[in-house]
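# Breakdown of the fold
Residues per chain, in single letters:
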Amino acid sequence: MSLSFDDILDWLRTEDPTALDELFAMADEVRRREVGDAIQLRGLVEISNHCARLCTYCGLRATTRQQRYRMSFKEVLACAQEAVRAGFGTIVLQSGEDLGLDAAYLCELIAAIRAQTPLAITLSLGERPRDELSAFRDAGADRYLLRFETSNATLFERIHPARTPDAPSRPQILQWLRELGFEVGSGVMVGIPGQTLGDLARDIVRFGELELDMIGLGPFLPHPGTPLGEEAADRLLIPFGDMPRDEAALLPAPNTVDMTCKMIALARLIRPSANIPSTTALATLHPQGRVRGLCAGANVVMPNLTPLKYRTLYDIYPNKSNPSEVAEEGRGDLIRQIESIGRTLATGRGDSPSILRRRAMLKNPETNQ
Ligand code: 5AD
């Protein structure tokens, strides 16, 4: 669908509930037509909470006084088996930027999951050098998630200090992932202090330009142990620097269910066949958050398979380890929720519809004309 920056901004400004219901219904219809009623389940395994970075929003930042863990090879493989038993088609291995998870170890892990299960393998391991990403792909990884967090470069630098001045940028890494034949996922947080509606509209435009296969969107949730969380809690939400303020500023930031659902709906309209999760952050914000996302264009849910003893330590934002999801029966609740809105559960890997075509083009670039 052609959706201009101005159209997107108009939708983001809209608060009229009837108009918003129309937007959500339109996105829901495109979702049904393009990716169907079956919800893809991706089992999430948070393999390490070590992190070398200092992102000002994230509870895993290097300096928080957090007990750290790194799952063993055997523990991760047991989770993969659990994903198969639970009927999931995909395992997502996520971690902080853990320098102790070296590439050779990860390649071995990926190859073992590939050899022992039929699961598609998604990685969400942060910013890694190109040669490592290439090795992960060769070892059998299918997909990679790396959110660009916000398209506003000034805001991004503020919340995500670079490792070194010449470190590759996230857009650069997303480009590598594409060249290497990964299914590529990215996304943003909604309602970062200092983010404007114009920034969010540009995020949507960027999703289209990047031709993303997967789009992850969640509300920013202030973590009290982080600089940005403290700032939000103190309501010291002062615009910084000389950021243009011509577009309605978001102060205090509307990290709301409605705003996140608007972003999900617009993401669906700009990338009709993308896999779009209704995220845990959205479910954390409100008991109906997950269902609201699924009715506004989302088609993926990522149940947490991390062993309980580690789950509470993977504390990127508060209350992430939602009690309703922790217990085994939590999964029953999730399935009931899905059925209550007339949707079904997918079987199989749930590859993005565009990836096979794209990989064929990578192999034979001359047919790409
Ligand atoms: N609130 C919401 N989302 C967060 N993330 C990290 N910290 C927070 C927070 N405080 C998101 C980022 C990251 C993803 C793994 O989790 O967008 O890319």
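A brief look at the structure comes next. Bear in mind that the values here come from a model prediction, so they are computed numbers and not experimental data.

Let us look at the layout of surface pockets. In this structure, the largest pocket occupies an estimated 340 Å³ of space. The set of elements that each furnish at least two residues to the lining of the largest pocket consists of α6 (153-159) and α7 (170-179). Tallying contributions element by element places α6 first for the lining of the largest pocket, with three residues. Looking at the lining of the largest pocket, its residues break down into nine nonpolar, five polar and six charged.

Turning to the pattern of salt bridges, a few remarks are in order. Under the counting rule described, the total for this entry stands at 29 salt bridges. Among the salt bridges present, the one from E132 reaches R128, with a minimum N-O distance of 2.9 Å. Note on R128: relative accessible area 8%, which makes it buried. Here R292 and D258 are joined by a salt bridge, their closest N and O atoms 2.8 Å apart. With R292 in helix α12 (residues 289-294) and D258 in helix α10 (residues 257-270), this pair connects stretches of sequence that are 34 residues apart. The exposure class of R292 is partly exposed, given its relative accessible area of 30%. Relative accessible area serves as the criterion here: at 36%, D258 is assigned to the partly exposed category.

To continue, consider the packing of aromatic side chains. In this structure the tally under the stated criterion is four aromatic pairs. Centroid distance Y69 to Y310: 4.5 Å. Interplanar angle 15°. Geometry classified as stacked. With Y69 in the loop between β1 (38-48) and α3 (73-85) and Y310 in helix α13 (residues 308-311), this pair connects stretches of sequence that are 241 residues apart. The buried category is assigned to Y69, whose relative accessible area is 6%. Ring geometry for F73 against Y105: centres 5.9 Å apart, planes inclined by 70°, an arrangement best described as edge-to-face. Of this pair, F73 sits in helix α3 while Y105 sits in helix α4 (residues 103-116); the two residues are 32 residues apart in sequence, bridging distant segments of the chain.

The rules behind the values
- Residues numbered from 1 in each chain as written.
- Predicted model: local features only at pLDDT ≥ 70, side-chain atom pairs only at ≥ 80, totals over all residues.
- Heavy atoms only, no water.
- 1 Å grid on protein atoms, 1.4 Å probe; cavity = no way out; pocket = protein on both sides within 12 Å on 5 of 7 lines; lining within 4 Å.
- Points joined across faces, edges and corners; volume = space filled by probe spheres on them.
- Helix = DSSP H or I, 4+ residues; strand = E, 2+ residues; numbered from the N terminus.
- Nonpolar A, V, L, I, M, F, W, Y, C, P; charged D, E, K, R; others polar.
- Salt bridge = Lys/Arg side-chain N within 4 Å of Asp/Glu carboxyl O.
- Buried < 20%, exposed > 50% of the residue type's maximum accessible area, 1.4 Å probe, protein only.
- Phe/Tyr/Trp six-rings, centres within 6.5 Å; stacked < 30°, edge-to-face > 60°.

Everything listed here is a matter of geometry and, on its own, says nothing about what the molecule does.
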